[in-house]
Amino acid sequence: EVDRQQRLAAGKDQATEGERRAATNWPALLKGHAEALTLEKAGVRLEPGDRTVAKIPYLNSMIGPDRQKYVLAADDFISTLGLIRSGVSVPTAERENLMATMFGVAGESDQTLKSKQSSREVFLAAMQAMVGRSADDAGRLLAEAINRGQINPTVLTSVQIEPAIA
C-alpha cells in the first residue's frame, strides 16, 4: 500500500480518462443489466415499435409499465456502453443492432434469450476490465448504488465482479 501511494504521489498509477469514465459508468451498466434480467425473468420482451412508442408521451401507456421499464433498461445499458467505450452516445444504427443483439424480443426462444444475456455479460466483463486503475472508485460507486437500492445484487449471480472492485 505504501508503494502504491508513493507511485501515485510520483504521478504513476494515475488512472487515465478512459479508466475514470469506465469506473464512473460501470455501475450504471450493471444496473441496466440487472433491471433487464429481472424483467426477462418475469417474461417481459420487446415488441416491434416499443422503443418508438415508449418515447411518446401518453402513447407510452399503450405498452404497459413493464415493457416501458424494459425499453428504458435496454436504452440505459446501450447509452452507458457508449459512454464507457468512447465518451459519446451510440449512433442510431448501432443502437438498433445492439438492442437486437442483447435484449429479448417477443417470440424468441429461451435459448436465444440466454444467449443475449450472455452477450450483455461479455460487454460487462470488457467494460469492467476498462476500469483498470480506477477499481477503487468503481467499487465505491457500485456499493453506493447497491446500498441505495438501485441495483439488486441477487439477480447478478452470473456476473463475475473483479475482487479489486468488489
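A. Main features of helix 6 (residues 110-130). End to end, helix 6 covers 31 Å across 21 residues, agreeing with the expected 30 Å (1.5 Å per residue, within 8%). Taken residue by residue, helix 6 has L113, K116, Q117, R120, E121, L124, M127 and Q128 as its buried positions. What you see down the axis of helix 6 is that its buried residues fit within an arc of 145 degrees, all on one side. Residues of helix 6 that are exposed and angled more than 90 degrees away from the buried face: Q111, V122 and A129. Considering only its buried residues, helix 6 is in contact with helix 2 (17-41), helix 4 (64-86) and helix 5 (92-102). Looking at the residues trailing helix 6, positive phi occurs at G132, about 50 degrees.

B. Quick peek at a nonpolar patch on the surface. Taken together, I56, L59 and M62 make up a surface patch of nonpolar side chains, about 280 Å² in accessible area. You can see M62 is positioned in the loop between helix 3 (50-54) and helix 4.

C. Fine view of the side chain of D75. Within the fold, D75 resides in helix 4. Under the relative-accessibility criterion, D75 is labelled buried at 14%. There is a polar contact of 3.4 Å between the side chain of D75 and the side chain of R95.

D. Spotlight on the pattern of salt bridges. Counted according to the given criterion, the structure contains 10 salt bridges. For R95, the salt bridge is made with D75, and the minimal N-O distance between the two is 3.4 Å. Linking R95 in helix 5 with D75 in helix 4, this pair joins segments that are 20 residues apart in sequence. The exposure classification of R95 matches that of D75, with both residues buried. Here R85 makes a salt bridge to E94, at a shortest N to O gap of 2.6 Å.

Rules and cut-offs
For every chain, the first residue of the written sequence is number 1, and numbering continues from 1 along that sequence. Reporting in this predicted model follows two pLDDT cut-offs: at least 70 for local features of residues, and 80 or more for side-chain atom pairs to be given and counted; totals over whole chains, interfaces and linings ignore these cut-offs and use all residues. Side-chain numbers here rest on the full set of heavy atoms in the structure, without hydrogens or water. Comment: elements are numbered from the N terminus, with helices defined as DSSP H or I runs of at least four residues and strands as E runs of at least two. Multiplying one less than the number of residues by 1.5 Å gives the expected span of a helix. We call a residue buried when its accessible area falls under 20% of the maximum for its residue type, exposed when it is over 50%, and partly exposed in between, using a 1.4 Å probe and counting protein chains only. Read the arc as the range of directions from the helix axis to the C-beta atoms. By definition, residues are in contact when any of their heavy atoms lie within 4.5 Å. A patch consists of residues whose relative accessible area exceeds 30% and which take part in no salt bridge; residues with like charges are grouped when within 9 Å of each other, and nonpolar side chains (Val, Leu, Ile, Met, Phe, Trp, Tyr) when within 5 Å. Using a 1.4 Å probe, the Shrake-Rupley method yields the accessible areas, and only the shown protein chains count as cover for residues. A carboxyl oxygen of Asp or Glu within 4 Å of a side-chain nitrogen of Lys or Arg is what we treat as a salt bridge. We define a polar contact as two N or O atoms separated by no more than 3.5 Å, with the added condition that, inside protein, one atom must be a possible hydrogen donor and the other a possible acceptor, whereas residues neighbouring each other in sequence contribute only through side-chain atom pairs.

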